[in-house]
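# Working through the structure, step by step
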Amino acid sequence: MRHLLVILALLSALAALAAAEEEPELALSNMRVGTQADGFGGERPVVSGDIHNYGSQAYANINILVEAYDAGGELIGEGFGFLVDACGTALLDYALPPEGLQAFSAPFELFEDGEAASVEVRLKADALDYKPEPLARSPEARLIARAEAVQLQWLDEETLLYGVGCAGAVFTELEWWRYSLPDHALSLTEHPAAGHINAGMIERSGAAMITQSGDQNPDLFYGSQMTFPPKARRIVYQNDLHTILSAEPDGSFKRLIHDGLHKHSLRGFIWAGKPGVFLAYYFGAYGEPVHYFSGDVEGRMLMGRLEELEPSLTVPGPAADGLSAVVGWRIDDREGYYQRYAYGSRELLFEADLPGNNYPAPIVARDGERRLIYVIRDVEGVPSLQCFDRGTQELRTLTSLPLRLTRESRAWSALSPDGRVLALAANGTDGGVWRVDVAGGCG
């Protein structure tokens, strides 16, 4: 295996690629110098950017070595970094494939007084004869973009918004893109609710307040997972105790929805078909059971408190009214999807090998008088979209899907308002956004 070395000079915190005799197979772009928390209440400088593999081989063991120099050329700082995902987590075992693009982060320390006049970044990697397993062929799934997409929102039957960034980040921290179905146009945009977010709104909502003292901590807002419903006025979010509240768009007139959730990790909200109805779901790591409850923006809980609902093996999908949800259970050796109703009753829909909690929730939909349930799971080892017709009790596989999920990555889906197109998103190194035409429903 051979080693690559690329030197980048950052002068006065501006990235400028040093001239090279030959075009490197690994190229660095979008270079910038900033700061990040050091874990001790302070900050340290960091070089970040992207690495693009223009070669014909994959590269593994990618290490980024940093050296900082003062104006006199004396070494005053060092550091190193790795490829990272959208949350900044190091990808230590990842091989960057040909034509692959991945972010990196390389923090460094200054061990001498003074400011760095230049920073050199040495990038080392091992070339591999590596060919990744191809994604499943999916004639019905059309790629919209390659990105770590973590949120989906339909504005109308023809317009999709998707947010790129770290799963669990508040929506204002994501990069939002607008996709038009008729002409496949894609454009960078601002989330339509972004204008509501300001210091006064955050303070009124209590999303950044330390409950015990009443002090404000702006960082708490970024963990609030504040969300604006697509078809209702009031917002939903969690506070520092993980209590779920709703409020007016300006943060006023708060209403308590569910408390006592400090032991659980909120993973997201799913908006149901009826305006203002949602399902909140919680889990820790991959493979753990999923806790959940449903409610609405007026402050009502619809199926009961979280501790009263048996956890699901999959992320649950709410019915339109939030009074039931499609969950994944194994009961008396019968594994599959069940309808869990309020007040404790349940119904087996169909038996199936269940996916993990990193797969999208089932989608409960209607096509005229027909009641349909879309599920995404592995069928004979291939991620697939299936449709279950409640009337005929028929389960039909519609198409394979180009997903390659790991223990660290997740996927989400959302059905267009007219029920004709399913949007699919995934994060991780194989992340992306796809559209799947489902106009025929279950056939």
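Keep in mind it's a predicted model, so treat the numbers as computed, not measured.

The rules we used
- Residues numbered from 1 in each chain as written.
- Predicted model: local features only at pLDDT ≥ 70, side-chain atom pairs only at ≥ 80, totals over all residues.
- Heavy atoms only, no water.
- Helix = DSSP H or I, 4+ residues; strand = E, 2+ residues; numbered from the N terminus.
- Contact = heavy atoms within 4.5 Å.
- Areas by Shrake-Rupley, 256 points an atom, 1.4 Å probe, with all protein chains shown as cover.
- Lys, Arg positive; Asp, Glu negative; His and termini not counted.
- Charge placed at Lys NZ, Arg CZ, Asp CG, Glu CD.
- Disulfide = S-S within 2.5 Å.
- Buried < 20%, exposed > 50% of the residue type's maximum accessible area, 1.4 Å probe, protein only.
- Pairing = 2+ DSSP bridges.
- Axes fitted to C-alpha atoms, helices over the stretch in contact; angles between N-to-C directions.
- Phe/Tyr/Trp six-rings, centres within 6.5 Å; stacked < 30°, edge-to-face > 60°.
- Patch = residues over 30% accessible without salt bridge, like charges linked within 9 Å, V, L, I, M, F, W, Y side chains within 5 Å.
- Salt bridge = Lys/Arg side-chain N within 4 Å of Asp/Glu carboxyl O.
- Core = buried A, V, L, I, M, F, W, Y, C linked by side-chain atoms within 4.5 Å.
- Polar contact = N/O pair within 3.5 Å; in protein donor to acceptor, adjacent residues only side chain to side chain.
- pLDDT = per-residue confidence, 0-100.

### Re the overall build of the protein
- The helix and strand tally for the protein stands at two helices and 30 strands.
- Seen through its principal axes, the protein has C-alpha atoms that stretch 75 × 55 × 45 Å.
- Within the protein, residue pairs in contact and separated by at least 24 positions form 49% of the contacts whose partners lie at least 6 positions apart.
- About 21600 Å² of surface is accessible on the protein, with carbon and sulfur atoms providing 48% of the total.
- Within the protein, the 61 negative side-chain charges are centred at a point lying 10 Å from the centre of the 36 positive side-chain charges.

### Here we look at the state of the cysteines
- One pass over the structure, following the stated rule, counts one disulfide.
- What pairs with Cys 87 in a disulfide is Cys 166, and their sulfur atoms sit 1.9 Å apart. Classification of the bridge connecting Cys 87 and Cys 166 rests on its S-S torsion, roughly 100°, and on that basis the disulfide is right-handed. Taken together, the residues Cys 87 in the loop between β6 (75-83) and β7 (101-110) and Cys 166 in the loop between β11 (159-164) and β12 (175-180) connect sequence positions 79 residues apart.
- Here Cys 87 falls in the partly exposed class, since its relative accessible area comes to 41%.
- Note on Cys 166: relative accessible area 23%, which makes it partly exposed.

### As for the pairing of strand β4 (residues 43-53)
- Most of β4 sits out of view: eight of its 11 residues are buried.
- Examined bridge by bridge, strand β3 (residues 26-37) and β4 share 10 bridges and lie antiparallel to one another. In the sheet register, Thr 35 faces β4, and the bridge partner there is Pro 45.
- As paired strands, β4 and β7 are joined by seven bridges and run antiparallel to one another. By the bridge assignment for β7, Ile 51 is matched with Gln 102.

### Quick notes on the sheet that holds β11
- The antiparallel open sheet is built from four strands, whose spatial order is β10-β11-β12-β13. The sheet terminates laterally at β10 (149-156) and β13 (186-189), the two strands that pair on one side only. The mean angle between the axes of side-by-side strands here comes to 25°, regardless of whether they run parallel or antiparallel.
- Where β12 meets β13, four bridges bridge the pair, whose relative direction is antiparallel. Directly across from Arg 178, in β13, lies its bridge partner Ser 187.

### Things to note about the sheet that holds strand β19 (residues 291-296)
- Spatially, three strands are ordered β17-β18-β19 in an open sheet, and the strand pairing comes out antiparallel. The sheet terminates laterally at β17 (266-271) and β19, the two strands that pair on one side only. Averaged over neighbouring strand pairs, the angle between their axes works out to 20° when direction is ignored.

### Describing the packing of aromatic side chains
- Under the defined criterion, the tally for this structure stands at 10 aromatic pairs.
- Ring centres of Tyr 282 and Phe 293 lie 6.5 Å apart, and the angle between their planes is 25°; on these two criteria the pair is classed as stacked. Separated by 11 residues along the polypeptide, Tyr 282 in strand β18 (residues 277-282) and Phe 293 in strand β19 bring together distant segments of the chain.
- For Tyr 282, a relative accessible area of 1% gives the class buried.
- For Phe 293, a relative accessible area of 0% translates into the label buried.

### Quick look at a negative patch on the surface
- Together, Asp 156, Glu 157, Glu 158 and Asp 418 make up a negatively charged patch on the protein surface.
- With respect to the helices, strands and loops of the structure, Asp 418 is situated in the loop between β28 (411-415) and β29 (421-426).

### Remarks on unusual backbone geometry
- At His 242, a position not held by glycine, the phi torsion is positive, near 65°.
- Its location among the elements puts His 242 in the loop between β14 (235-238) and β15 (244-247).
- Although it is not a glycine, Tyr 343 adopts a positive phi angle of roughly 70°.
- Residue placement: Tyr 343 occurs in the loop between β22 (334-341) and β23 (346-351).

### Thoughts on the pattern of salt bridges
- Enumeration according to the criterion identifies 17 salt bridges in this entry.
- Here Glu 109 makes a salt bridge to Arg 44, at a shortest N to O gap of 3.5 Å. Here Glu 109 is found in strand β7, whereas its partner Arg 44 is found in strand β4, with 65 residues between them in sequence.
- Here Arg 305 ties to Asp 259 by a salt bridge, and the two come within 3.1 Å at their closest N and O atoms. Residue Arg 305 is found in the loop between β19 and β20 (317-318), and its partner Asp 259 is found in the loop between β16 (255-258) and β17; the two are separated by 46 residues along the sequence.
- Overall, Asp 259 belongs to the partly exposed group, its relative accessible area being 32%.
- Within this structure, Glu 67, Glu 120 and Arg 122 form a network of salt bridges that share partners.

### Thoughts on the nonpolar core
- Leu 152, Met 226, Ile 244, Phe 278 and Phe 293 are the most contacted members of the largest nonpolar core, which has 64 residues in total.
- Per-element tally for this core: the top contributor is β18, with five residues.
- Contact partners of Phe 293, with chain neighbours within four places excluded, come to Ile 244, Ile 257, His 258, Leu 261, Phe 278, Leu 279, Ala 280, Tyr 282, Met 301, Gly 304, Leu 306 and Leu 309.

### With respect to the side chain of Gln 339
- One can find Gln 339 in strand β22.
- In this structure the side chain of Gln 339 is engaged in a polar contact, spanning 3.3 Å, whose partner is the side chain of Arg 390.
- When near neighbours in sequence (up to four residues on either side) are disregarded, Gln 339 contacts Ala 319, Ser 324, Ala 325, Val 326, Ser 345, Arg 346, Glu 347, Leu 349, Ile 373 and Arg 390.

### Observations regarding the confidence of the model for the protein
- Taken residue by residue, the protein gives an average pLDDT of 90. The fraction at 70 or more is 92%.
- pLDDT under 50 marks residues 1-23. Its contacts with residues more than four places away, or in other chains, come to 55 contacts.

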